[in-house]
Amino acid sequence: MKTNLRTDITVADICEGFVYNQLEGKGLFGLRGMLTIQPEYQRNYLYADGGGKREQDVIHSLLNEYPLGLIYFNKVGENRFEVLDGQQRITSIGRFVTNKFAITDGGNPKNFDSLPTDQQEKIRKSNSQNANIQKWSAYVKGSANRQEFLERALDWVSKGDIGLYMSAHRNDTNINELKTYFTSVIDWTSTVFTNVMPEMRGLDWGRLYEQYHGTSYDSKKMSDEVKRLAVDENVTNRKGIFEYLLGGSTATNMLAIRVFDEKVKKIAYAKQTQAAEANGESNCPLCAIGPEANKRRIYKLTEMDADHVTAWSKGGESSPENCQMLCVTHNRAKGNR
């Protein structure tokens, strides 16, 4: 099944040639007659029930530029389409644009023709490239015109096996599961991380959602930590900030912390070695207080690694003052303690 994401179709396009059958309670056609809005297997129009609050809400959402969500068509022939999902919204819009009902505005009822010109234009020009696309673009790379959003949604819901997922769902009559999962991932991400950063685009949020959405996070603390790490000059991989924080701020390798340069290493080595030789002890401070075998061993520079005296994760910087040279064995054993 080939799926195309279109963001250029406006309300004006959908409502051109809109036909509503009052007796059947159905929106029949739109898109210059090319779109069947409510095929026989679809339920009748329901948004006019109960005083029409839901159909009015659809129009108020357009006027307030709130996202209505994606609308899905099945292509059933050359320039022929059927609405798969969204017929209630389309019928509400079509009915309003053709003056079938009024909304309450400032305490007064107004049909489409009695709205100010700027509000009419806002409704006509509305399409799916408004708030939803802007929100998704913070987390998903690419252009909606190139289907990256759809492909990413399929990748997330299928856990990376799109072919298997499509095969298992080939007989579905809607894509509610796909929409719900994609929305859940985006909503979770935007709730945990209230800061929107360029580095968030393109991360595997589906995998992170699966791994961490069962954990409770303080969004205020997460926000403060994101801000702190984003300006820390020792963090050279800002894309790793988010998974680092989700995982409990322990895997510093995700941040690619800046290491000590060669000049700093040589200065620290010379200083330690000079003091060690004067005191008759090892120039590795941990060997000097360890077993007898290496208590007085003087290591070559090539046999030692630079280490943060105070671990970076505990506030230590990659500065000369916070640098010590340890033998390779002790440095690798010390880790992040």
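First things first, this report covers the structure right here in the doc.

**Comments concerning the pattern of salt bridges**
1) Next: A complete count under the given rule lists 18 salt bridges for this structure.
2) Next: One salt bridge in this structure joins Glu 225 and Arg 228, with 2.9 Å as the shortest N-O distance. On the criterion of helical spacing, the pair formed by Glu 225 and Arg 228 is a turn pair, its members being three residues apart in helix H10 (residues 219-230).
3) Next: Here the residues in one salt-bridge network are Asp 85, Arg 89 and Lys 179, joined through shared partners.

**Here we look at the nonpolar core**
1) Next: If you look at the biggest cluster of nonpolar residues, it comprises 42 residues, and the most contacted ones within it are Phe 193 and Trp 205.
2) Next: Among the elements of the structure, helix H6 (148-157), helix H8 (176-192), helix H9 (205-212), H10 and helix H11 (241-246) are those that each provide at least two residues to this core.
3) Next: It is H8 that contributes the most residues to this core, seven residues altogether.
4) Next: Setting aside its immediate chain neighbours within four residues, Phe 193 contacts Met 200, Trp 205, Met 222, Val 226, Phe 242, Leu 245 and Leu 246.

**Let's talk about the packing of helix H2 (residues 53-63) against helix H4 (residues 117-125)**
1) Next: Interhelical geometry of H2 versus H4 gives an angle of 100° and a closest axis separation of 9 Å. Judged by the inter-axis angle, H2 sits roughly perpendicular to H4. On the side of H2, the interface is formed by Ile 59, Leu 62 and Leu 63, while H4 contributes Gln 119, Lys 122 and Ile 123.
2) Next: Its residues assigned to classes, the contact of H2 with H4 shows four nonpolar, one polar and one charged.

**Notes on the pairing of strand E5 (residues 80-85)**
1) Next: Bridge count between strand E3 (residues 35-36) and E5: two bridges; the pairing is parallel. Residue pairing across strands places Leu 35 opposite Phe 81, the latter belonging to E5.
2) Next: Sheet analysis places strand E4 (residues 72-77) next to E5, joined by five bridges and oriented antiparallel. Across the sheet, Tyr 72 pairs through a bridge with Asp 85, a residue of E5.

**Structural notes on the environment of Lys 135**
1) Next: Structurally, Lys 135 can be placed in helix H5 (residues 131-137).
2) Next: By relative accessible area, Lys 135 is classed as partly exposed at 34%.
3) Next: For the pair Lys 135 and Ser 190, spaced 55 residues apart in the sequence, the C-alpha separation amounts to 9.0 Å.
4) Next: Not counting residues within four places of it along the chain, the set of residues in contact with Lys 135 comprises Ile 186, Asp 187 and Ser 190.

**Here we look at the packing of aromatic side chains**
1) Next: Counted by the stated rule, this structure contains 13 aromatic pairs.
2) Next: When the ring of Phe 193 is compared with that of Trp 205, the centres are 6.0 Å apart and the planes differ by 55°; the resulting orientation is tilted. Separated by twelve residues along the polypeptide, Phe 193 in the loop between H8 and H9 and Trp 205 in helix H9 bring together distant segments of the chain. For the residue pair Phe 193 and Trp 205, the accessibility class agrees, reading buried in each case.
3) Next: Taken together, a centroid distance of 5.2 Å and an interplanar angle of 85° make the contact between Phe 193 and Phe 242 edge-to-face. Here the residue Phe 193 occupies a position in the loop between H8 and H9, and Phe 242 occupies one in helix H11, the gap between them amounting to 49 residues.
4) Next: Looking at Phe 193, the relative accessible area reads 2%, which means it is buried.
5) Next: An aromatic cluster of at least three residues, connected via ring pairs, comprises Tyr 139, Phe 193, Trp 205 and Phe 242.

Rules behind the numbers
Residues numbered from 1 in each chain as written. Predicted model: local features only at pLDDT ≥ 70, side-chain atom pairs only at ≥ 80, totals over all residues. Heavy atoms only, no water. Salt bridge = Lys/Arg side-chain N within 4 Å of Asp/Glu carboxyl O. Helix = DSSP H or I, 4+ residues; strand = E, 2+ residues; numbered from the N terminus. Core = buried A, V, L, I, M, F, W, Y, C linked by side-chain atoms within 4.5 Å. Buried < 20%, exposed > 50% of the residue type's maximum accessible area, 1.4 Å probe, protein only. Contact = heavy atoms within 4.5 Å. Axes fitted to C-alpha atoms, helices over the stretch in contact; angles between N-to-C directions. Parallel < 35°, antiparallel > 145°, perpendicular 65-115°, else oblique. Nonpolar A, V, L, I, M, F, W, Y, C, P; charged D, E, K, R; others polar. Pairing = 2+ DSSP bridges. Phe/Tyr/Trp six-rings, centres within 6.5 Å; stacked < 30°, edge-to-face > 60°.

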